[in-house]
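Chain by chain, the residues:
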Amino acid sequence: MSEMTRLSELGQFQPRSPLASDDDAVRVQSLRLLARGLGENKPVHRRMSDMLSVVLALSSRTRRMVLPRVSVDVDVFDPAGRRALRMYMPQED
(Lines give C-alpha, C1' and ligand atoms only; values in the text may rest on other atoms or scores of the structure.)
Protein backbone atom coordinates (compact mmCIF):
# COMPACT_ATOMS: atom_id res chain seq x y z
CA MET A 1 0.00 0.00 0.00
CA SER A 2 1.51 3.33 -0.99
CA GLU A 3 1.79 6.41 1.19
CA MET A 4 -0.64 8.31 -1.06
CA THR A 5 -3.30 5.61 -0.59
CA ARG A 6 -2.93 5.82 3.18
CA LEU A 7 -3.12 9.61 3.10
CA SER A 8 -6.22 9.58 0.91
CA GLU A 9 -7.89 7.07 3.27
CA LEU A 10 -7.01 9.32 6.20
CA GLY A 11 -8.45 12.30 4.36
CA GLN A 12 -11.76 10.46 3.92
CA PHE A 13 -12.00 9.55 7.62
CA GLN A 14 -15.32 10.52 9.20
CA PRO A 15 -15.38 10.59 13.03
CA ARG A 16 -18.31 8.71 14.53
CA SER A 17 -17.71 9.52 18.17
CA PRO A 18 -20.38 11.53 19.99
CA LEU A 19 -17.52 13.78 21.11
CA ALA A 20 -17.12 14.89 17.48
CA SER A 21 -20.79 15.88 17.26
CA ASP A 22 -21.76 19.41 16.22
CA ASP A 23 -24.49 19.36 18.85
CA ASP A 24 -23.13 20.87 22.10
CA ALA A 25 -25.62 18.99 24.27
CA VAL A 26 -24.50 15.61 22.87
CA ARG A 27 -20.83 16.53 23.32
CA VAL A 28 -21.34 17.70 26.92
CA GLN A 29 -23.33 14.56 27.74
CA SER A 30 -20.55 12.38 26.28
CA LEU A 31 -17.89 14.22 28.28
CA ARG A 32 -19.90 13.79 31.49
CA LEU A 33 -20.24 10.05 30.92
CA LEU A 34 -16.54 9.80 30.13
CA ALA A 35 -15.57 11.77 33.26
CA ARG A 36 -17.89 9.70 35.44
CA GLY A 37 -16.39 6.48 34.10
CA LEU A 38 -12.89 7.72 34.76
CA GLY A 39 -13.78 8.98 38.23
CA GLU A 40 -15.13 5.66 39.49
CA ASN A 41 -11.74 4.01 39.45
CA LYS A 42 -9.09 5.05 41.90
CA PRO A 43 -5.95 6.30 40.17
CA VAL A 44 -3.10 3.80 40.12
CA HIS A 45 0.16 5.29 41.31
CA ARG A 46 3.11 3.56 39.76
CA ARG A 47 6.75 4.33 40.22
CA MET A 48 8.98 5.07 37.27
CA SER A 49 10.86 1.83 37.91
CA ASP A 50 7.58 -0.15 37.61
CA MET A 51 6.81 1.41 34.25
CA LEU A 52 10.37 0.87 33.05
CA SER A 53 10.14 -2.80 34.05
CA VAL A 54 6.96 -3.19 32.00
CA VAL A 55 8.56 -1.56 28.95
CA LEU A 56 11.65 -3.75 29.21
CA ALA A 57 9.56 -6.91 29.62
CA LEU A 58 7.44 -6.07 26.59
CA SER A 59 10.45 -5.24 24.43
CA SER A 60 12.28 -8.46 25.37
CA ARG A 61 9.12 -10.49 24.73
CA THR A 62 8.77 -8.88 21.32
CA ARG A 63 12.42 -9.54 20.53
CA ARG A 64 12.04 -13.23 21.47
CA MET A 65 8.90 -13.60 19.36
CA VAL A 66 10.68 -12.55 16.15
CA LEU A 67 13.59 -14.95 16.65
CA PRO A 68 13.39 -18.26 14.76
CA ARG A 69 12.42 -21.32 16.80
CA VAL A 70 15.23 -23.74 17.57
CA SER A 71 15.61 -27.36 18.58
CA VAL A 72 18.26 -28.59 21.01
CA ASP A 73 20.17 -31.87 20.58
CA VAL A 74 22.55 -32.80 23.44
CA ASP A 75 24.98 -35.74 23.39
CA VAL A 76 26.87 -36.74 26.55
CA PHE A 77 29.69 -39.27 26.39
CA ASP A 78 31.31 -41.30 29.16
CA PRO A 79 35.12 -41.48 29.58
CA ALA A 80 35.25 -44.58 27.36
CA GLY A 81 33.72 -42.62 24.47
CA ARG A 82 30.34 -44.33 24.54
CA ARG A 83 27.16 -42.29 24.48
CA ALA A 84 25.94 -41.89 28.04
CA LEU A 85 22.92 -39.77 27.33
CA ARG A 86 21.13 -38.41 24.34
CA MET A 87 18.51 -35.79 24.90
CA TYR A 88 16.50 -34.22 22.10
CA MET A 89 14.13 -31.35 22.65
CA PRO A 90 12.13 -30.62 19.48
CA GLN A 91 10.77 -27.21 18.75
CA GLU A 92 7.20 -26.61 19.81
CA ASP A 93 4.59 -25.59 17.27
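Residues numbered from 1 in each chain as written. Predicted model: local features only at pLDDT ≥ 70, side-chain atom pairs only at ≥ 80, totals over all residues. Heavy atoms only, no water.

Now for the overall build of the protein. When you go through the protein residue by residue, the secondary structure sums to 3 helices and 2 strands. In sequence order, the protein lays out its α and β elements as α-α-α-β-β. The 93 residues of the protein split such that 2% are buried. Long-range pairs, those at least 24 residues apart, make up 0% of the contacts in the protein with a sequence separation of at least 6. (Helix = DSSP H or I, 4+ residues; strand = E, 2+ residues; numbered from the N terminus. Buried < 20%, exposed > 50% of the residue type's maximum accessible area, 1.4 Å probe, protein only. Contact = heavy atoms within 4.5 Å.)

Moving on: the side chain of S30. Turning to its location among the elements, S30 is positioned in helix α2 (residues 24–40). A polar contact of 2.9 Å, which involves the side chain of S30, links it to the backbone oxygen of V26. (Polar contact = N/O pair within 3.5 Å; in protein donor to acceptor, adjacent residues only side chain to side chain.)

For the rest of this paragraph, the subject is a nonpolar patch on the surface. The grouping of V70, V72, V76, L85, M87 and M89 at the surface amounts to a nonpolar patch, some 510 Å² of accessible area in total. Elements supplying a minimum of two residues to the nonpolar patch: β1 (72–77) and β2 (83–89). Sorting elements by how many residues they give to the nonpolar patch places β2 first, with 3 residues. By the secondary structure assignment, M89 is in strand β2. (Patch = residues over 30% accessible without salt bridge, like charges linked within 9 Å, V, L, I, M, F, W, Y side chains within 5 Å. Areas by Shrake-Rupley, 256 points an atom, 1.4 Å probe, with all protein chains shown as cover. Salt bridge = Lys/Arg side-chain N within 4 Å of Asp/Glu carboxyl O.)

With that out of the way, let us pick up the pairing of β1. As judged from the 6 bridges shared by β1 and β2, these two strands associate in the antiparallel manner. Bridge pairing in β2 links F77 to R83. Hairpin connection between β1 and β2: a loop of 5 residues separates the two successive antiparallel strands, and G81 in this loop has a positive phi of roughly 95 degrees. (Pairing = 2+ DSSP bridges.)

Now for the pattern of salt bridges. Once the charged atoms of two side chains with opposite charge are near each other, the side chains can pair. This model, assessed by the stated rule, comprises 3 salt bridges. Of the charged contacts in the structure, one is a salt bridge between D75 and R83, with a shortest N-O distance of 3.5 Å. Judged by relative accessible area, R83 falls into the partly exposed class, the value being 47%. Measuring nitrogen to oxygen at the nearest pair gives 3.2 Å for the salt bridge that ties R82 to D78.

For the rest of this paragraph, the subject is the confidence of the model for the protein. For the protein, per-residue confidence averages 78 on the pLDDT scale, and 85% of positions sit at 70 or higher. Element-level mean pLDDT values for the protein span from 74 in helix α1 (residues 3–11) up to 87 in helix α3 (residues 48–66). (pLDDT = per-residue confidence, 0-100.)

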